[in-house]
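Residue-level structural notes
Here is how the chains run, residue by residue.
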Amino acid sequence: MNTLPDENGYFGSYGGSYLPPVLEEELAKVAAAYMEVRNDPVFLMEMEEIQKNYQGRPTPVTHLHGLTALQGGAQIYCKREDLNHTGAHKLNHCVGEVLLAKRLGKTKVIAETGAGQHGVALATAAAYLGVECEIHMGEVDIAKEHPNVIRMQLLGANVVPVTFGQKTLKEAVDSAFETYARDYETTLYCIGSAVGPHPFPMMVRDFQTVVGLEARQQIQEQAFRQPDAVVACVGGGSNAIGIFSAFLDDDNVALYGVEPGGRGSALGDHAATITHGSDGVIHGFNTLLLTDEDGEIAPVYCLASGLDYPGVGPQHAYLHSIGRVNYVVANDSEALEAFYTLSKSDGIIPALESAHAVAYAMKLAKTMDPDKVILINLSGRGDKDIDYVVETFGLGE
Ligand SMILES: *Cc1c(COP(=O)(O)O)cnc(C)c1O
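Residues numbered from 1 in each chain as written. Predicted model: local features only at pLDDT ≥ 70, side-chain atom pairs only at ≥ 80, totals over all residues. Heavy atoms only, no water.

Observations concerning the overall build of the protein
When helices and strands are tallied, the protein shows 15 helices and 14 strands. Here the protein has a C-alpha radius of gyration of 20 Å; the compact-globule value for 397 residues is 21 Å, and the two agree. Summarising its shape, the C-alpha atoms of the protein cover approximately 55 × 45 × 40 Å along the three principal directions. Here the analysis covers contacts within the protein between residues at least 6 apart in sequence; of these, 74% occur between residues at least 24 apart. Put simply, the protein shows about 15,700 Å² of open surface, and 51% of that area lies on carbon and sulfur atoms. (Helix = DSSP H or I, 4+ residues; strand = E, 2+ residues; numbered from the N terminus. Rg over C-alpha atoms; globule rule 2.2 N^0.38 Å. Contact = heavy atoms within 4.5 Å. Areas by Shrake-Rupley, 256 points an atom, 1.4 Å probe, with all protein chains shown as cover.)

Quick word on the site of the ligand
Neighbouring residues of the ligand: 16 residues in total, closest K90, S193, G235, S238 and S379. Separating an oxygen atom of the ligand from a backbone N or O atom of G237 is a distance of 2.8 Å. The protein chains hide 98% of the 380 Å² of surface that the ligand would expose on its own. Per-class residue counts for the shell around the ligand are 4 nonpolar, 10 polar and 2 charged. (Near = heavy atom within 4 Å. Polar contact = N/O pair within 3.5 Å; in protein donor to acceptor, adjacent residues only side chain to side chain. Nonpolar A, V, L, I, M, F, W, Y, C, P; charged D, E, K, R; others polar.)

Focus: the packing of helix α4 (residues 90–103) against helix α9 (residues 200–223)
With their axes 8 Å apart at the nearest point, α4 and α9 run at an angle of 125° to one another. In this view, α4 runs oblique relative to α9, as classed from their interaxial angle. Crossing handedness for the pair α4 and α9: right-handed. The residues of α9 that touch α4, namely those facing K90, N92, H93, G96, E97 and L100, are F200, M203, V204, F207, Q208, V210 and V211. Residue composition of the contact of α4 with α9, by class: 7 nonpolar, 4 polar and 2 charged. (Axes fitted to C-alpha atoms, helices over the stretch in contact; angles between N-to-C directions. Parallel < 35°, antiparallel > 145°, perpendicular 65-115°, else oblique. Left-handed = near helix turned anticlockwise from the far one by under 90°.)

A look at the sheet that holds strand β10 (residues 254–262)
With respect to topology, 6 strands assemble into an open sheet ordered β3-β4-β14-β9-β10-β13, the strand pairing being mixed. This sheet does not close on itself; its edge strands, each paired only once, are β3 (61–63) and β13 (325–331). For this sheet the average axis-to-axis angle between neighbouring strands, irrespective of direction, equals 25°. Both strand β4 (residues 75–80) and strand β14 (residues 373–378) contribute to a ladder of 6 bridges, which runs parallel. (Pairing = 2+ DSSP bridges.)

Comments concerning the sheet that holds strand β7 (residues 158–162)
Taken in spatial order, the 4 strands make up an open sheet running β7-β6-β5-β8, and their pairing is parallel. What marks the edges here is a single partner per strand, and that holds for β7 and β8 (187–189). The average undirected angle you get between the axes of adjacent strands in this sheet is 25°. Where strand β5 (residues 108–113) meets β8, 3 bridges bridge the pair, whose relative direction is parallel. Residue pairing in the sheet places K108 in a bridge with T187 of β8.

What to know about the pattern of salt bridges
Per the stated rule, a full pass over the model turns up 17 salt bridges. A salt bridge links E214 to R57, with the nearest nitrogen and oxygen atoms 2.9 Å apart. Of this pair, E214 sits in helix α9 while R57 is found in the loop between α2 (41–55) and β3, placing the two residues 157 residues apart along the sequence. Look at R57 and you get buried, because its relative accessible area is 5%. A salt bridge links D82 to R80, with the nearest nitrogen and oxygen atoms 2.9 Å apart. Comparing D82 with R80 shows no difference in burial state: the two are buried. (Salt bridge = Lys/Arg side-chain N within 4 Å of Asp/Glu carboxyl O. Buried < 20%, exposed > 50% of the residue type's maximum accessible area, 1.4 Å probe, protein only.)

Examining the layout of surface pockets
Space inside the second largest pocket adds up to approximately 470 Å³. Lining of the second largest pocket is provided by 18 residues; of these, M47, E48, Q51, V210 and L213 occupy positions nearest its centre. For the lining of the second largest pocket, the elements supplying multiple residues, two or more each, are α1 (21–37), α2 and α9. Broken down by element, the lining of the second largest pocket gets its largest block of residues, 7 residues, from α9. Tallied by class, residues from the lining of the second largest pocket come to 9 nonpolar, 3 polar and 6 charged. (1 Å grid on protein atoms, 1.4 Å probe; cavity = no way out; pocket = protein on both sides within 12 Å on 5 of 7 lines; lining within 4 Å. Points joined across faces, edges and corners; volume = space filled by probe spheres on them.)

Section: the packing of aromatic side chains
Under the counting rule described, the total for this entry stands at 9 aromatic pairs. Between F177 and Y180, the aromatic rings sit 6.5 Å apart at their centres with planes inclined by 75°, giving edge-to-face as the arrangement. Of the two residues, F177 and Y180 both sit in helix α8 (residues 169–183), 3 residues apart, roughly one turn of that helix. Judged on exposure class, the residue F177 and its partner Y180 are both buried. Pairing F177 with Y189 gives two aromatic rings, centres 4.5 Å apart and planes at 40°, and the pair type is tilted. Of this pair, F177 sits in helix α8 while Y189 sits in strand β8, and the two are 12 residues apart along the sequence. Owing to a relative accessible area of 1%, Y189 belongs among the buried residues under this scheme. (Phe/Tyr/Trp six-rings, centres within 6.5 Å; stacked < 30°, edge-to-face > 60°.)

Observations regarding the pairing of β14
The buried fraction of β14 amounts to 6 of the 6 residues, a majority that puts the element mostly inside the structure. Neither face of β14 is open: one carries V373, L375 and N377, the other I374, I376 and L378, and all of them are buried. With 3 bridges joining them, strand β9 (residues 229–233) and β14 adopt parallel strand pairing. If you follow V231 over to β14, its bridge partner there is I376.

No statement about biological role is implied by the geometric values presented.
If you want it as structure tokens, here you go:
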């Protein structure tokens, strides 16, 4: 299973690289360089040293006694990416990408950000590893996500406001790519999820696999067995592919990718790409997409800003097509209930993104016997969400 993608970056019929020729050539070079460092002990040792002494890895696996007792079924455990430095899993691939940039002799990294989570993670890795960082962000998002803009600036990143079109994520991607096409000799583009043209989906997957490899060992030590089910939320799909990768070859481990059902199943009310999408090309790769009747990329909505992407990583589209992973939906109100419940049941305030995985695991646990084990990837902590949740919905029951 981990032999994918093929040399052109395809997972079955999904993935590949659809780019202007100058970037096509540059990314072929990046892919070739990555294939070398991928098994280079010096590169891997440097990454491990950073994971251990800077990020705080391995992150623990926690048995959620409170949540397990409330559901009255399977034992629920979670992998604590909320305890990774910066409070989410994104730093795992940002550290890998910045290390690769340095290996390629680049002095700068560039990316877009929507709500700012990817920008903060990349700015963190860039600060630690001593490279310049430029983050493109729509003006609308800059106004909405003030604390993350401040964080990026404190971390030394140059935040470039994007002032055309809707002034949000899509234009930020276009703007960052334009700059990259001009500055590729000194700069590496660092994508924020397991998406984009080859080799990004493969690289981000590999850098996130540490989550699954650690969890496999930890769950064995604590539960004396492998999980019966692994559950993760899916935006672009990096945290999910990171934990799934370690279990793909275990036929008796059921895998669940939880998409955001938002406020309904009409186009524009959710971001459940695999559940409702169809084949198409976005941001340089072929995948499942949410489009309107004219074939234009549809607006998406969900309570958790980190999950509202109209495409999905190509490996997820592939795993769906072969039936290896079950892609399911949790809607806004289920995620919100899970957010409040886990905070009180076990003293962990989850990110609203991660709360989608918790919500589905809560339902699943009830259908399974108490000797069974569910492992959730708790992709991040909810500190960033508390003001919004409490102002909009109150403190919960
Ligand atoms: C960005 C983010 C996600 C969604 O991204 P994936 O690439 O699908 O993992 C999920 N959880 C948290 C906490 C995030 O910050």
